[in-house]
Structures are given as C-alpha cells and as structure tokens.
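Below are the chains, spelled out letter by letter.
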Amino acid sequence: MLELAGIIILGILAQWVAWKLKIPAILPLILIGLLVGPIAAEFLSEDGEKWIEPVWNGEKGLFPGESLYYFVSLAISIILFEGGLTLKRSEVKNVGPVITKLITLGSAVTFFGAGIIAHFIFNLSWDLSFLFSGLIIVTGPTVITPILRNIPLKKDVSAVLKWEGILIDPIGALVAVLVFEFISVEGDSGFTKTALLEFGKIILFGTTFGFTFAHALAFAINKKLIPHYLLNVVSLSTVLLVFVESEIFAHESGLLAVVVMGMVLGNGKLENLKELLYFKESLSVLLISILFILLAANINIEDMMLLYTWKTAVIFLLVVFVVRPLAVFISTAGSKLSLNEKLFVSWVGPRGIVAAGIASLFGSKLIKQGVEGAEYITPLVFMIVLGTVLLNATTARLFAKLVGVFLTKSNGILIVGASKVSRLLGHYLESNGRHVVLIDSNRSNIDKAKELGLEALSTNIYSETLTDNIELNDIGYLMAMTGNPDINKYAINKFSKQFGENGSFRLVTVNEMNNPEDNPKEGLFSHTDDYNRLAEVTRKFPSIQEIEVNDKEHYKNLIEITNNDNDIIPLFLKDNQDEFHIISSYNTEIEKVGENCKLVYLGKPLDIEEAVSED
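Here the structure is a predicted model, which means the values were calculated and not measured. (Residues numbered from 1 in each chain as written. Predicted model: local features only at pLDDT ≥ 70, side-chain atom pairs only at ≥ 80, totals over all residues. Heavy atoms only, no water.)

(A) Molecular detail of helix α19 (residues 443–451). Within α19, burial applies to Asn445, Ile446 and Ala449. Projected down its long axis, α19 carries its buried residues within an arc of 100 degrees, all on one side. On its buried face, α19 is in contact with α18 (420–431), β2 (436–440) and β3 (455–458). Here α19 starts with a cap whose side-chain oxygen sits 2.9 Å from the backbone nitrogen of Ser444, and that cap is Asn442. Within two residues after α19, Gly453 carries a phi angle of roughly 85 degrees, on the positive side. (Buried < 20%, exposed > 50% of the residue type's maximum accessible area, 1.4 Å probe, protein only. Helix = DSSP H or I, 4+ residues; strand = E, 2+ residues; numbered from the N terminus. Arc of directions from axis to C-beta. Contact = heavy atoms within 4.5 Å. Polar contact = N/O pair within 3.5 Å; in protein donor to acceptor, adjacent residues only side chain to side chain.)

This is the structure:
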C-alpha cells in the first residue's frame with residue numbers, strides 16, 4: 001500500500017515540478033523511477049533491494065507474474081487512444097506541405113536511418129533495429145509544448161513543431177506496433193505464408209474492431225443512449241473492451257485497434273468530443289505519472305550497464321545530429337522556411353512518452369519470447385528519450401537566439417471576443433501583416449471569423465488552454481473587446497503578463513465613460529466609446545478608414561474632429577514604418593507623428609478637405 005501511494009504522490013509531484021520548471025514531465029518521472037529503482041538498489045539500499053519493486057520477486061513487489069505488463073498494456077492503450085483522437089484528416093491537409101512531409105517522408109528517413117545505425121553499431125538484428133527506429137519516430141506534444149511555450153518564435157516555426165508532435169504520435173506508435181507484430185509472428189513461424197497470414201489477421205482484426213466500435217460508440221453518444229454522467233466512464237470501458245477483444249481474436253492487435261478507434265472518433269461528428277478529450281487527458285496524466293515511475297524502476301542496473309559503452313554515445317549523436325537534420329532538410333526542401341528555421345526545427349526533436357512506454361512493453365515481451373538482443377530495446381529507447389529531452393529542454397532557447405529565430409519583439413495581437421467589430425478590426429490588422437488571433441466561447445462568432453480567413457479559437461476565457469497554446473508565443477498585444485466588462489477586466493488581469501508585454505487594453509465601461517476622471521490606463525480607443533458605441537458605429541458603417549496625417553498639430557485636430565463625431569471612432573496611428581500605435585482612451589498623445597503617418601479610424605469616411613481645412 002505504501003509503495004502504491006508513494007508512486008501516485010511522487011508522480012503528481014513530478015508533474016508539478018515539470019510545470020514549475022517548464023520542462024517535459026517525462027524527465028522528472030523517469031529520473032524518479034530510476035532513483036527509487038536501480039539506483040536505490042545499487043547505491044542507496046543496504047540489502048540491495050529497490051525502494052519500489054514493480055514486479056513481485058517472491059518477497060515484495062506490486063505486480064505478481066505478468067500483471068505489470070497487463071497494466072502497462074492497458075495504460076498504453078488509453079494513451080494511444082487519446083493520441084488517435086487528436087489526429088484529424090483536415091489538419092493533415094491544412095497544416096501545409098512541410099508538416100505533411102515531416103510526418104511521412106521525415107518519418108521514413110528516421111525509420112530507415114536509425115534502423116541502419118542500430119544494426120551496424122549495436123549489431124542488432126534487422127527486425128529489432130527497425131523496431132528501435134520505429135519507436136523513436138515519435139516526438140509528441142507532451143514534450144514539445146513545455147520546451148517551446150516560453151520561446152518566442154515565428155508562428156510558422158512553432159506551428160511546424162507543434163503539429164509534427166501531435167500528428168506523428170499515433171503514426172509512430174502505429175509503425176512500432178506493426179513492426180512488433182511482424183517480429184512476433186515471424187518468431188513463431190518464420191518468413192512463411194503462415195506468418196504473413198497471421199500478420200494480415202492482426203491488421204484486419206485491429207482495424208475492424210477499432211472502426212466498428214468507434215462508430216457504435218459515436219452512435220450511442222449522439223443518440224443520447226448514454227447519460228451524460230456516464231459518458232466518460234462508458235467511453236473508457238469501451239476502449240478497454242476493444243483492446244481486450246481484439247487481443248483475444250488476434251494476439252498483439254489491441255494497440256492497433258485503439259489507435260484506429262481514436263482516429264475514427266476524432267474525425268467523426270461527435271458532439272461531446274472536446275469533453276471526452278479533457279477526460280482522457282486528465283486520465284492520461286495520472287496513468288503517465290504512475291506508468292513511467294514503474295517502468296523506470298523496473299529497469300535493472302544490468303540493463304543500464306548495457307549502455308556503458310562508446311557505442312551508446314555514437315548512436316545518440318548520429319540520431320540527433322545526422323538522422324533528425326537529414327529528415328528535416330529533406331522534408332522542408334523547397335519550402336518557405338529559411339535555413340535558420342530549418343536548423344532550429346532540426347535541433348528540437350525530443351522523443352516522448354509513447355516511445356518510452358511502448359519500448360518497455362515490447363522489450364519485455366520480446367525478452368520473454370527469447371528474442372536475441374531484445375534486452376537492448378528498452379534501455380536504448382530510454383537513453384534517446386532522456387538524452388533528447390534533456391538536450392532540448394536546456395538548450396532550445398539559447399539555440400533559437402544563436403540561429404536568429406528568437407523573436408526580440410512579439411507583435412502578434414490577441415483579441416478577446418469575436419463580435420462583428422472584433423472581426424472587422426482583426427481583418428484589417430491581418431491585411432496589414434499582423435498575426436491576429438480572436439478567441440470567443442460563442443461558436444457562431446468563431447465560425448464567422450474563420451469564414452473571413454482569421455485565426456479564431458473557440459475557448460472559454462476561464463480555462464487554461466490558452467496558456468498552453470505555443471502558437472500564441474508571438475503575441476505581444478492584448479485587446480479585450482467583449483460586451484461583458486467583467487470578462488474584459490478578467491482577461492487583462494489574467495493574461496496581460498503572458499500576452500500583453502507591449503500593451504494590454506480593454507474597452508471602457510459605461511461608468512468609466514460617464515466619469516472621465518475614472519478613465520483606466522488600459523482603456524481602449526476612447527473614453528467616450530464603450531462596447532455598445534463600437535457595435536452601433538460598426539452596424540452603421542462597417543469599415544475601417546485611413547487618413548494621412550501631416551504633423552502632430554494636424555493629428556491633434558483630427559482627433560478632436562473624430563471625438564466630436566458620433567459616427568467616427570479613432571483606433572490607431574499607423575506610422576511610416578507600418579507600425580500601429582493604439583490610441584488609448586487614457587492618453588491620445590503619440591510621440592511618433594511625422595510624415596507619411598495615417599490615422600486609422602472606424603466609421604464613416606471623413607471629408608479630407610474638411611480635415612485639412614481644420615488644420
């Protein structure tokens with residue numbers, strides 16, 4: 001009981017430490033597992049026993065017999081199911097040719113390159129070499145996101161790394177599963193017709209069970225046959241049922257079945273998909289916390305000593321500094337990415353949780369089958385995982401600065417609220433070369449924004465999803481423009497440090513509008529215009545105008561004219577460098593007023609001759 005409680009406590013503690021230090025959770029989890037396992041047995045325990053013994057050794061241990069491997073199998077099935085849920089066909093098409101090539105051509109380069117290296121350096125059989133290479137294809141969002149979250153990068157670079165991690169996770173797992181299944185079949189019957197038939201049966205039952213149960217579960221959910229409070233647990237039990245049933249009909253087909261099931265559900269019309277993802281994500285965090293402490297603790301010091309050779313350093317260096325760059329440069333050939341951006345993408349390639357978890361499972365199974373050289377699989381993959389995570393977590397920010405992809409100033413704009421006025425403003429800024437993101441919990445507003453070609457996220461301002469979105473790391477301006485003053489104030493208080501380093505603004509309230517002395521420093525555009533005034537002007541004149549400014553005196557006159565006209569609201573001063581200066585209600589004074597500047601305003605076209613004569 002003490003050991004089991006200790007694993008859960010240590011696991012959640014490791015997750016918290018990873019969040020606090022902004023590093024991938026897999027790093028402290030595996031280090032804790034090694035500490036309470038092989039390191040404790042060799043150096044810290046007087047009787048030479050591990051502090052946590054995962055497998056029953058006749059005197060102590062959490063899992064008797066093969067129970068640990070059953071638990072690992074079920075846990076990995078849930079984690080892979082969640083990965084399958086995130087794999088969308090539309091995203092593969094829309095994320096661009098670079099990412100598509102990375103998850104196809106890049107995966108092939110890694111698969112064959114790492115396989116050849118493992119074969120000739122560690123003298124592993126071709127089967128085991130390609131199992132190793134299949135396992136290290138995956139990167140994964142759980143290791144990429146913490147590394148990139150606090151590195152300001154161009155949107156294209158962060159998008160490539162993010163979507164590669166998300167899309168390649170289930171693909172790499174699928175490759176590893178298929179290679180392992182072929183090894184298992186080959187071990188029983190050799191390269192015979194029977195082996196190929198068994199391999200085909202595995203693929204047939206895996207895909208059939210996954211596809212069928214996915215549609216059955218989607219039908220039951222959409223037809224309200226499952227009460228809401230049972231939705232998550234029924235989905236969980238269905239995943240386990242699919243895994244077990246598929247294993248019964250065709251041994252080793254369960255993991256393939258759950259990946260297929262997740263992919264089908266993720267691409268179907270499932271009303272509660274987001275809620276299902278949240279539940280599976282929370283469950284995966286708990287399972288991962290337990291799983292990797294157990295797996296690392298289960299490694300023996302003898303397994304670690306297998307890597308105590310120059311060959312380990314050579315294979316690591318070749319995988320990181322030859323195979324990964326080769327895969328990236330081949331996949332990005334002819335793309336718009338610059339040489340520096342390609343170098344950075346090549347540098348950031350940490351291997352993730354799926355690689356380590358499946359390696360432990362497959363390595364243990366192959367050892368039990370008596371496959372020669374199988375004892376190398378788990379420690380080799382763990383070495384790649386730990387080495388790449390440690391390398392990237394400690395050097396990614398510095399390397400970004402060295403190769404010149406580190407953004408010194410974040411010019412992106414986050415607009416809270418996607419109403420008509422926000423969409424109008426966002427479309428104007430996007431047309432002028434600024435990265436604009438709109439967020440709203442109203443799905444209709446988000447859909448209308450996307451129809452205009454704007455980047456829009458359907459999210460609740462009170463959720464934590466925004467802080468984890470690495471594609472927002474070039475955001476430097478925050479504009480809260482909802483019709484709810486409380487939401488606007490909350491957005492400023494919560495996100496100003498992360499997204500408003502260059503300025504955080506919100507619309508004034510009715511009380512502040514009627515009492516200019518209460519005008520807040522973060523007031524947006526005008527102290528006489530709240531959300532209702534903006535919406536009314538947008539309804540009457542849905543356009544944003546520009547008028548040239550001659551000098552500072554001319555600018556002041558224009559501001560006075562616009563402030564006295566109920567159908568005009570000044571927004572920005574656009575200088576001769578095409579930089580936008582927000583006209584704050586707190587201070588309309590802008591120093592950088594000179595030649596070729598323009599006043600940007602919302603509302604009716606202003607009579608230029610009248611404006612000049614006023615000058």
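(B) Summary view of the sheet that holds strand β4 (residues 475–480). Taken in spatial order, the 5 strands make up an open sheet running β3-β2-β1-β4-β5, and their pairing is parallel. Edge strands, defined here as strands with exactly one partner in the open sheet, are β3 and β5 (503–506). Strand-to-strand twist in this sheet, taken as the mean axis angle between neighbours without regard to direction, amounts to 20 degrees. The pairing of β2 with β3 spans 4 bridges and is parallel. Across the sheet, residue Val437 finds its bridge partner in β3, namely Glu455. Against the sheet, α18 contacts β1 (412–416), β2 and β4, and its axis sits at roughly 165 degrees relative to β2. In this fold helix α20 (residues 485–499) packs onto β1, β4 and β5, with an angle of close to 175 degrees to the strand it touches most, β4. (Pairing = 2+ DSSP bridges. Axes fitted to C-alpha atoms, helices over the stretch in contact; angles between N-to-C directions.)

(C) Structural detail: the nonpolar core. Counting residues in hydrophobic clusters, the biggest one holds 138 residues, and the most contacted among them are Leu131, Phe132, Ile315 and Phe344. Non-local contacts of Ile315, meaning those with residues more than four positions away in its chain, are made with Ile117, Ala118, Ile121, Phe122, Phe132, Leu380 and Met383. Phe525, Leu534, Phe572 and Val600 belong to the second largest nonpolar core, which has 30 residues in total. (Core = buried A, V, L, I, M, F, W, Y, C linked by side-chain atoms within 4.5 Å.)

(D) Summary view of unusual backbone geometry. The backbone of Asn123 sits at a positive phi, close to 55 degrees, despite the residue not being glycine. As for its placement among the helices and strands, Asn123 is situated in the loop between α5 (97–121) and α6 (126–135). Relative accessible area serves as the criterion here: at 60%, Asn123 is assigned to the exposed category. Located in the positive-phi region is Lys224, a residue other than glycine, with phi close to 60 degrees. Here Lys224 falls in the exposed class, since its relative accessible area comes to 59%.

(E) Summary view of the environment of Arg397. Note on placement: Arg397 falls in helix α17 (residues 377–402). Taking relative accessible area as the criterion, Arg397 reaches 39% and is therefore assigned partly exposed. Here the alpha-carbon distance between Arg397 and Asn150, two residues 247 residues apart in the chain, equals 8.3 Å. When neighbours within four sequence positions are excluded, Arg397 is seen to be in contact with Asn150, Ile151, Pro152 and Phe406.

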